[in-house]
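One-letter residues, chain by chain:
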Amino acid sequence: MPGNEIIDKKELAEITKIFTKSDGVLFAHGYDNRRKNIFRVRNFEKNLNKFFKTKYSLCVSSGTAAIKIALKACGVKPGDEVITQAFNFIATVEAIVDVGAKPIITNIDDTLNMCPEDLKKKISKKTKAVIPVHMLGFPANILEIKKICNKHKIKLIEDNCESVGAKLNNKYLGTFGDVGIMSFDFGKNITTGEGGSIISDNKKIIKYCKEYHDHGHELNPKFPRGMDTVTNPGFNYRMTELQAAVGIVQLSKLRKILSEHKKRYSILLKTLSSDIVTRPLINNATSSMDTLMLKVDNSNIRKKIINYLRSSGIGVKNVPDAIKWHFATYWKHAISKAQLNNLSKSKEKIEKFIAIPISIRIKPAHYKKVGVKINNFFSNL
Ligand SMILES: Cc1ncc(COP(=O)(O)O)c(C=O)c1O
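Nothing here was measured: the structure is a model prediction, and the numbers come from that model. (Residues numbered from 1 in each chain as written. Predicted model: local features only at pLDDT ≥ 70, side-chain atom pairs only at ≥ 80, totals over all residues. Heavy atoms only, no water.)

Colleague: Go over the site of the ligand, please, and point to the residues and values.
Modeller: Taken together, 14 residues lie near the ligand, and Thr64, Asp159, Glu162, Asp185 and Lys188 sit nearest. The contact in question runs from an oxygen atom of the ligand to an N or O atom on the side chain of threonine 64, over 2.5 Å. Between the ligand and aspartate 185, the relevant distance is 2.6 Å, taken from an oxygen atom to a side-chain nitrogen or oxygen of the residue. Relative to its unbound accessible area of 390 Å², the ligand is 92% covered by the protein chains. Counting residues per element, the shell around the ligand draws most heavily on helix 3 (residues 63–73), at three residues. (Near = heavy atom within 4 Å. Polar contact = N/O pair within 3.5 Å; in protein donor to acceptor, adjacent residues only side chain to side chain. Areas by Shrake-Rupley, 256 points an atom, 1.4 Å probe, with all protein chains shown as cover. Helix = DSSP H or I, 4+ residues; strand = E, 2+ residues; numbered from the N terminus.)

Okay, here's the thing in structure tokens:
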């Protein structure tokens with residue numbers, strides 16, 4: 001997920017302009033004369049709309065904050081249930097707990113994302129929202145999940161923090177649900193250091209998000225900011241102009257980032273011998289290709305290849321290196337025991353995989369060598 005790998009003079013130039021062209025205004029609102037009418041967070045939001053073909057975007061302080069804000073905007077209240085999936089990042093569960101709701105966890109299917117059949121079983125009268133997560137660049141079966149949510153009139157919040165730029169049926173992930181979430185933290189496809197965004201075509205939802213993330217401010221044009229109108233209580237999850245300056249440049253690099261991923265991913269995939277199993281991609285989908293996942297059924301062989309890859313200088317990321325942050329059975333502090341007991345099949349599934357990161361800083365040709373090393377490992381067993 002290497003937006004951070006290509007930070008360069010362009011981002012620096014945009015940050016410098018904050019001081020040379022808009023007199024050091026780092027705040028997203030107000031200071032109209034001093035900033036000479038330049039609003040970088042708002043411009044970043046416009047650019048996100050253009051890129052993802054959405055009506056509305058809102059930039060916020062993190063992906064985690066974005067999920068929480070979206071839950072509030074979808075009307076999730078204490079005592080409600082929100083369904084998410086076993087292979088995940090803890091942020092979804094934290095956001096659900098933070099709004100006072102109960103996290104309900106589905107198993108994963110062969111996509112390693114939310115299993116639609118299990119989702120059907122987990123829906124109850126208390127279910128208010130569903131958060132499928134497109135993990136490590138690969139789409140969930142979002143059309144099936146959307147059908148189920150529509151049938152039960154449940155809000156769909158798509159966590160697309162890890163798959164910014166991936167598509168299904170030529171439509172960007174994050175644009176299928178009522179709300180889409182992106183993260184721009186330092187490990188993501190594009191980065192603002194910390195930061196996130198909410199995208200939606202739903203005016204009412206985005207209006208609530210805008211107000212809630214900014215102490216309830218309605219940005220009423222009839223009043224200066226200090227006298228602004230307010231209807232609902234809010235909080236502060238604003239993005240700064242510094243982050244937006246970086247984000248605008250990073251977004252302009254996203255197509256290039258995706259094509260650089262694709263070059264390296266395709267070389268590695270093509271080099272791997274045909275009997276090596278990789279993570280399946282659903283029909284008509286394009287991964288953001290920042291991670292190639294290998295399936296190795298035998299646990300001894302798996303351990304050996306992980307050690308072999310590490311000793312050859314090829315990392316293995318989230319699976320298994322950071323699995324405790326990415327698999328629900330490790331979150332006993334946030335999820336009820338009864339929920340966790342059902343997830344053994346998912347655990348078995350995910351533990352068979354190894355996630356190899358694709359890095360733009362590494363030359364494409366190197367991935368041929370990685371593929372050859374992996375083939376050699378298996379042929380020497
Ligand atoms: C799937 C997923 N959701 C949410 C988040 C939270 O994003 P942030 O780090 O911007 O709060 C992350 C970040 O790692 C993530 O991977």
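So, next bit.
Colleague: Give a detailed account of the sheet that holds strand 6 (residues 167–168), specifying residues and quantitative values.
Modeller: In space, the three strands of this open sheet follow the order 7-6-11, with antiparallel pairing throughout. Single-partner strands in this sheet number two, and they are strand 7 (171–172) and strand 11 (285–286). Where strand 6 lies against strand 7, two bridges are found, and the strand directions are antiparallel. Residue leucine 168 lies in a different strand from strand 7, and its bridge partner there is lysine 171. (Pairing = 2+ DSSP bridges.)

Colleague: Tell me about the sheet that holds strand 1 (residues 56–60), and name the residues and values.
Modeller: Here we have seven strands laid out as an open sheet, ordered 1-9-8-5-4-2-3, and mixed in their pairing. Strands at the two margins of the open sheet, each flanked by one partner only, are strand 1 and strand 3 (102–106). Strand-to-strand, the axes of this sheet are offset by a mean angle of 25°, without reference to chain direction. Taken together, the five bridges between strand 1 and strand 9 (residues 196–200) define a ladder with antiparallel strand orientation. Pairing of valine 60 across the sheet is with glycine 196, part of strand 9. Against the sheet, helix 2 (residues 40–52) touches strand 1, strand 8 (179–183) and strand 9, its axis set at about 135° to strand 1. (Axes fitted to C-alpha atoms, helices over the stretch in contact; angles between N-to-C directions. Contact = heavy atoms within 4.5 Å.)

Colleague: For helix 6 (residues 142–152), give the residues involved together with the corresponding values.
Modeller: All of the buried residues in helix 6 are Ile142, Ile145, Ile148 and Cys149. All buried residues of helix 6 fall inside an arc of 125° around its axis, so they share one side. Opposite its buried face, helix 6 presents the exposed residues Lys147, Asn150 and Lys151, each directed more than 90 degrees away. Residues of helix 6 that are buried sit in contact with helix 5 (116–122), strand 4 (127–130), strand 5 (155–159) and strand 6. Of the residues one or two after helix 6, lysine 153 is the one with positive phi, at around 55°. (Buried < 20%, exposed > 50% of the residue type's maximum accessible area, 1.4 Å probe, protein only. Arc of directions from axis to C-beta.)

Colleague: Requested: an account of the packing of aromatic side chains, with residues and values cited.
Modeller: On inspection of all chains with the given rule, the structure shows 11 aromatic pairs. Relative to tyrosine 31, the ring of phenylalanine 27 has its centre 6.4 Å away and its plane inclined at 90°; by these criteria the two rings are edge-to-face. Owing to a relative accessible area of 27%, phenylalanine 27 belongs among the partly exposed residues under this scheme. Aromatic pair tyrosine 208 and tyrosine 212: ring centres 5.8 Å apart, planes at 15°, arrangement stacked. A residue pair is termed a helical-turn pair when its members lie 3 or 4 positions apart in one helix, as tyrosine 208 and tyrosine 212 do in helix 7 (residues 203–212) at four residues. According to the relative accessible area criterion, tyrosine 208 is partly exposed, its value standing at 21%. Three or more aromatic residues joined by ring pairs form one cluster here, namely Tyr208, Tyr212, Phe235 and Tyr237. (Phe/Tyr/Trp six-rings, centres within 6.5 Å; stacked < 30°, edge-to-face > 60°.)

Colleague: I'd like a description of the pattern of salt bridges, backed by residues and values.
Modeller: For the structure shown, the criterion picks out 22 salt bridges. Close ionic contact of aspartate 8 with lysine 253 constitutes a salt bridge, the shortest N to O distance being 3.0 Å. Here the residue aspartate 8 occupies a position in the segment before helix 1 (9–20), and lysine 253 occupies one in the loop between helix 8 (241–252) and helix 9 (254–271), the gap between them amounting to 245 residues. On the basis of relative accessible area, lysine 253 is assigned to the buried category, the value being 9%. Between arginine 225 and aspartate 214 there is a salt bridge; the shortest N-O distance is 2.7 Å. With arginine 225 in the loop between helix 7 and helix 8 and aspartate 214 in the loop between helix 7 and helix 8, this residue pair connects regions lying 11 residues apart in the sequence. A single salt-bridge network, built from bridges that share partners, covers Lys256, Glu260, Lys263 and Arg264. (Salt bridge = Lys/Arg side-chain N within 4 Å of Asp/Glu carboxyl O.)

Colleague: Outline unusual backbone geometry, listing residues and values.
Modeller: Backbone torsion omega between valine 319 and proline 320 reads 5°, so that peptide bond is classified as cis. At leucine 136, a position not held by glycine, the phi torsion is positive, near 50°. Position of leucine 136 among the secondary structure elements: in the loop between strand 4 and helix 6. Among the residues examined, leucine 136 registers a relative accessible area of 1% and is labelled buried. A positive phi angle, near 55°, is found at lysine 153, a position not held by glycine.

Colleague: How would you explain helix 4 (residues 90–98) if you had to name every residue and give the values?
Modeller: Looking only at helix 4, the buried set comprises Ile90, Ala91, Thr92, Val93, Ala95 and Ile96. Those residues of helix 4 hidden inside the fold are in contact with helix 3, strand 2 (81–85), strand 3, strand 5 and helix 12 (323–326). Phi turns positive one or two residues past the end of helix 4, at glycine 100, with a value near 85°.

Colleague: I'd love a proper account of the domain arrangement of the protein, names of residues and values included.
Modeller: Its domain assignment divides the protein into domain 1 (2–252) and domain 2 (255–379). Each side of the interface is counted separately: domain 1 has 45 residues, and domain 2 has 43 residues. Linking domain 1 with domain 2 are one salt bridge, by the criterion used here. For aspartate 110, the salt bridge identified is with lysine 349, shortest N-O distance 2.8 Å. Viewed at the interface, domain 2 and domain 1 are joined by 19 residue pairs in polar contact (both at pLDDT 80 or more). Breaking the side of domain 1 that touches domain 2 down by element, the ones donating at least two residues are helix 4, strand 3 and strand 6. Among the elements that make up the side of domain 1 that touches domain 2, the one with the highest residue count is strand 3 (five residues). Its residues assigned to classes, the side of domain 1 that touches domain 2 shows 24 nonpolar, 14 polar and seven charged. (Domains from an automatic or database assignment. Nonpolar A, V, L, I, M, F, W, Y, C, P; charged D, E, K, R; others polar.)

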